[in-house]
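Reading the structure
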Amino acid sequence: MTSSENSNVILEADKIHAWFGSHEAVKGVSLSAVMGTVTALIGPSGCGKSTFIRTLNRLHEEIPHTRVEGQVILEGKNIYERGVDPVGVRRKIGMVFQKPNPFPSMSIFENVAAGLRLAGISKRSLLAEVVEQSLKQAALFEEVKDKLKAPGTSLSGGQQQRLCIARALAVKPPVLLMDEPTSALDPISTAKIEELVMELKKDVTVVMVTHNMQQAARISDKTAFFLMGELIEWGDTSQVFTTPKVEKTEQYITGRFG
Amino acid sequence: MSTLWQKDIHRGDRLFQFVLRACAIAAMVLLLFMVVNLGYRSWPAFKVFGLKFFVSSDWDPVNDQFGVVSFVYGTLVSSALALLIAVPVSVGSALCLTELAPRRISAVLGFLIEMLAAIPSVVYGLWGIFVLAPLMRETVQPFLGKYLGWIPLFSGPAYGVGMLTAGILLAIMIIPTILSISREVFFAIPRAQREAALALGATRFETLWIAVVKSSVSGLFGASVLGLARAFGETMAVTMVIGNRAEVAVSLFAPGQTMASVIANEYAEATTDIHLAALGAVGVTLFLVSWLINSTARAIVSRSERRGGAGGR
Ligand SMILES: Nc1ncnc2c1ncn2[C@@H]1O[C@H](COP(=O)(O)OP(=O)(O)OP(=O)(O)O)[C@@H](O)[C@H]1O
Ligand SMILES: [Mg+2]
């Protein structure tokens with residue numbers, strides 16, 4: 001964990017444990033993300049990837065009867081410190097979910113503007129500017145520029161997912177969490193979103209769960225392999241995929257289990 | 001063997017379709033029969049009074065003068081009052097039950113509230129006479145009169161019974177309906193939508209607003225329309241507390257009468273043919289007004305759904 005890049009670490013999880021009732025889904029995971037990189041979380045279904053990523057923006061605790069232990073250091077501050085407002089944390093960490101979830105009552109424009117409005121920005125010209133910019137960033141602007149007033153749910157699945165990315169980006173979060181953002185999408189939409197992520201990492205640090213090995217290999221800088229709630233191996237993507245240090249990782253990557 | 005089996009299914013399907021179709025036709029025939037019959041019964045009144053029946057508020061059985069306006073007014077005002085009170089209360093409680101209360105408590109309370117809808121309306125009426133009306137006469141109306149008496153709506157003597165009391169009682173009666181439907185509407189909103197709002201940095205309250213309430217608008221509207229329909233047709237309890245006087249009074253403290261309550265009140269005692277026919281004509285009017293309001297409401301719901309304000313599904 002200690003390396004020369006240490007000074008650029010923007011997000012660091014330190015011995016995170018997470019429970020659903022008495023079931024411990026994440027068992028002491030520590031890893032960190034350097035500014036401007038993409039970290040991929042891989043591992044078989046049910047190994048705690050989603051649970052872990054949801055502890056990074058304090059979303060896990062919104063489910064009744066859950067508990068988190070450990071620290072998450074965001075820009076030098078522990079977000080689990082007593083007195084830290086989870087709402088403020090979530091404004092700094094965007095999240096994109098597996099299933100696109102635009103607000104059905106809002107237009108395309110309003111969906112992207114939602115985060116800004118929550119932050120108290122209501123000046124029309126500023127909203128319009130940021131909405132356009134975010135839609136462009138999410139590679140969606142050309143497709144929707146003539147129907148910004150249409151409901152967000154009127155778009156295709158892939159477009160909805162890019163809309164959700166634009167919505168998350170609009171508040172300019174330094175970190176973006178993505179939980180299998182392409183698993184519900186067709187190959188073309190998937191390719192678009194992958195391209196987008198590589199483009200985005202100039203401005204945002206991305207932590208992404210994926211079930212797709214090729215995807216992890218293609219777009220991530222670091223890869224973390226989870227198994228039954230534990231972090232088995234974590235390192236540079238090229239190293240993890242070519243010369244894994246742990247046998248379990250190799251077996252998983254080569255498709256021998258999971 | 002497999003073809004035989006398929007054939008059986010096919011025959012079952014046909015039978016099922018036939019039964020369904022018969023039921024649908026029977027329901028329509030019955031409705032048609034009722035309309036025709038009601039129209040026939042009330043025809044003498046329409047023949048004598050013509051359009052005047054719909055624009056006159058003069059209802060005087062002794063002198064054979066009949067006009068429906070004061071009853072339409074009574075129905076509309078008491079129902080509107082009921083909605084005005086019941087919708088915020090029901091939607092607010094439904095929100096508390098689904099979003100804030102622990103699941104166990106929410107389930108128990110939800111069940112109790114649904115039981116409230118099963119209480120016969122005459123029981124509500126009795127409660128209205130024994131509890132609500134005295135409370136209105138001795139406490140609520142004097143209080144309102146003292147502080148808001150300068151508004152014509154709250155002027156005049158406190159009888160206890162009257163339009164306001166009927167509106168409040170109706171509100172209590174339609175709250176279970178609106179509340180339980182609103183609860184269903186909120187339950188149907190996927191977790192993912194709330195999480196979308198939370199992840200954007202919405203507070204709990206903001207999440208309720210943008211992820212839950214805003215996308216439930218058409219569902220809540222539908223719930224209110226059902227409540228309104230119940231308030232419109234409610235007869236017994238209203239008759240017991242509205243005061244039964246055929247007049248259009250500005251003050252909500254004054255007695256009034258609704259279309260349903262005048263029919264229930266006078267039908268048994270109507271002696272002349274024209275009086276009976278006039279009561280039938282009140283029934284026709286009630287039918288028309290409810291039909292008009294219901295179809296308008298439906299049109300509004302379907303328009304807002306087409307525009308994308310989906311009902312939380
Ligand atoms: N809402 C919940 N209530 C109780 N247990 C849960 C809940 N969500 C997940 N779990 C449990 O926590 C463990 C980890 O689940 P998690 O969703 O984090 O896995 P995952 O790695 O994201 O799997 P997948 O790849 O299928 O998305 C699983 O054993 C699961 O059964
Ligand atoms: Mg998952």
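Every chain is numbered on its own, with residues counted from 1 as its sequence reads. Chain labels run from A onward and ligand labels from 1 onward, assigned in the order the entries are written. A pLDDT threshold of at least 70 governs which residues receive local features in this predicted model, and a stricter bar of 80 or more applies before side-chain atom pairs are shown or counted, although totals over entire chains, interfaces and linings include all residues. Side-chain figures throughout are based on the complete set of non-hydrogen atoms in the structure, without hydrogens or water.

Strands are runs of DSSP state E lasting at least two residues, helices are runs of H or I lasting at least four, and both sets are numbered from the N terminus onward. Along chain B, the regular secondary structure elements total 12 helices and zero strands. Across chain B, helices and strands are ordered from the amino to the carboxyl terminus as α-α-α-α-α-α-α-α-α-α-α-α. Taken along the three principal axes of its C-alpha coordinates, chain B extends 75 × 60 × 35 Å. The classification of residues rests on relative accessible area computed with a 1.4 Å probe and restricted to protein chains. Under 20% of the type maximum is buried, over 50% is exposed, and intermediate values are partly exposed. Taking all 313 residues of chain B together, 42% fall into the buried category. At a minimum sequence separation of 6, the contacts of chain B that also span at least 24 residues come to 76%. Only the protein chains shown count as cover for residues, and all accessible areas are computed by the Shrake-Rupley method using a 1.4 Å probe. Accessible surface, chain B as shown: approximately 17100 Å² in total, 71% of it carbon and sulfur. A contact between two residues is defined here by any heavy atoms of the two lying within 4.5 Å.

Looking now at the pairing of strand S10 (residues 230–236) of chain A. All names here are of chain A. Paired strands, in this sense, are two strands between which DSSP finds at least two bridges. Note that strand S9 (residues 222–227) and S10 share six bridges and pair antiparallel. Bridge pairing links Phe226 to Leu231 in S10. In this structure, the hairpin formed by S9 and S10 is closed by a connection of two residues, where Met228 is found at a positive phi of approximately 45°.

Another aspect to go through is the site of ligand 1. All names here are of chain A. Ligand 1 sits among Phe20, His23, Ala25, Ser45, Gly46, Cys47, Gly48, Lys49, Ser50, Thr51, Glu180 and His211. Between an oxygen atom of ligand 1 and a main-chain N or O atom of Cys47, the distance comes to 3.2 Å. Polar contact criterion, stated in full: a pair of N or O atoms within 3.5 Å, where within protein one must be able to donate a hydrogen and the other to accept it, and residues adjacent in sequence count only if both atoms are side-chain atoms. Taking Glu180, its side chain carries an N or O atom lying 3.2 Å from an oxygen atom of ligand 1. Isolated, ligand 1 exposes 630 Å² of accessible area, and the fraction of that covered by the protein chains is 62%. Listed by contribution, the elements that provide at least two residues to the shell around ligand 1 are strand S2 (23–34) and helix H1 (49–55). Per element, the largest residue contribution to the shell around ligand 1 is three residues, and it comes from H1. Amino acids outside the nonpolar list (Ala, Val, Leu, Ile, Met, Phe, Trp, Tyr, Cys, Pro) and the charged list (Asp, Glu, Lys, Arg) are all regarded as polar, and Gly is one of them. Its residues placed into classes, the shell around ligand 1 shows three nonpolar, seven polar and two charged. Whether a residue is near a molecule or strand depends on its heavy atoms: if one lies within 4 Å, it is near.

Turning our attention to helix H9 (residues 217–233) of chain B. A rise of 1.5 Å per residue sets the reference length of H9(B), with its 17 residues, at 24 Å; its end C-alpha atoms lie 25 Å apart and thus fit the reference within 8%. Within the sequence span of H9(B), burial applies to B:Ser218, B:Gly219, B:Leu220, B:Ala223, B:Ser224, B:Val225, B:Gly227, B:Leu228, B:Ala231 and B:Phe232. To estimate the expected span of a helix, subtract one from its residue number and multiply by 1.5 Å.

Next up on the list: the side chain of A:Asn78. Residue and element names in this part refer to chain A. By the secondary structure assignment, Asn78 is in strand S5 (residues 77–78). Residue classification places Asn78 among the buried positions, given a relative accessible area of 12%. At 2.9 Å, the side chain of Asn78 and the backbone nitrogen of Tyr80 are in polar contact. Excluding anything up to four places from it in sequence, Asn78 contacts Gln71, Val72, Ile73 and Val84.

What follows covers the packing of aromatic side chains. Within 6.5 Å between ring centres, the rings of Phe, Tyr and Trp (the latter by its six-membered ring) count as paired, and their orientation is classed by plane angle as stacked under 30 degrees, edge-to-face over 60, tilted in between. Counted under the stated rule, the structure contains 10 aromatic pairs over all chains. Taking the centre distance of 5.9 Å and the plane angle of 75° together, the rings of B:Phe49 and B:Phe66 count as edge-to-face. Taken together, the residues span a long stretch of sequence, with B:Phe49 in helix H1 (residues 2–49) and B:Phe66 in the loop between helix H2 (52–55) and helix H3 (69–100) at a distance of 17 residues. By the burial criterion, B:Phe49 is buried, and B:Phe66 matches it. Taking 4.9 Å as the distance between ring centres and 80° as the angle between the ring planes, the aromatic pair formed by B:Trp59 and B:Phe71 counts as edge-to-face. Highlighted residues: B:Trp59 in the loop between H2 and H3 and B:Phe71 in helix H3, separated in sequence by 12 residues. Taken as a pair, B:Trp59 and B:Phe71 share a single burial class, namely buried. Against the face of A:Phe141 rests A:Lys136, its NZ or CZ located 5.0 Å from the ring centre. In our convention, an over-ring charge means Lys NZ or Arg CZ found within 6 Å of a ring centre and within 35 degrees of that ring's normal.

Residue and element names in this part refer to chain B. All axes here are fitted lines through C-alpha atoms, helices being fitted over the stretch that makes contact, and every angle between N-to-C directions spans 0 to 180 degrees. Where helix H5 (residues 121–148) contacts helix H6 (residues 163–187), the axes come no closer than 9 Å and their chain directions differ by 130°. On the basis of their axis angle, the class for H5 and H6 is oblique. The interaxial crossing formed by H5 with H6 has right-handed handedness. Touching Ser121, Tyr124, Gly125, Trp127, Gly128, Leu132, Ala133, Met136, Gln141 and Leu144 of H5 are Leu164, Thr165, Ile168, Leu169, Ile172 and Met173, all from H6. By residue class, the composition of the contact of H5 with H6 is 11 nonpolar, five polar and no charged. If an angle is under 35 degrees, it is roughly parallel; if it is over 145, roughly antiparallel; if it lies from 65 to 115, roughly perpendicular; otherwise it is oblique. Helix crossings fall into two classes, left-handed where the near helix is turned counterclockwise from the far one by less than a right angle and right-handed where it is turned clockwise.

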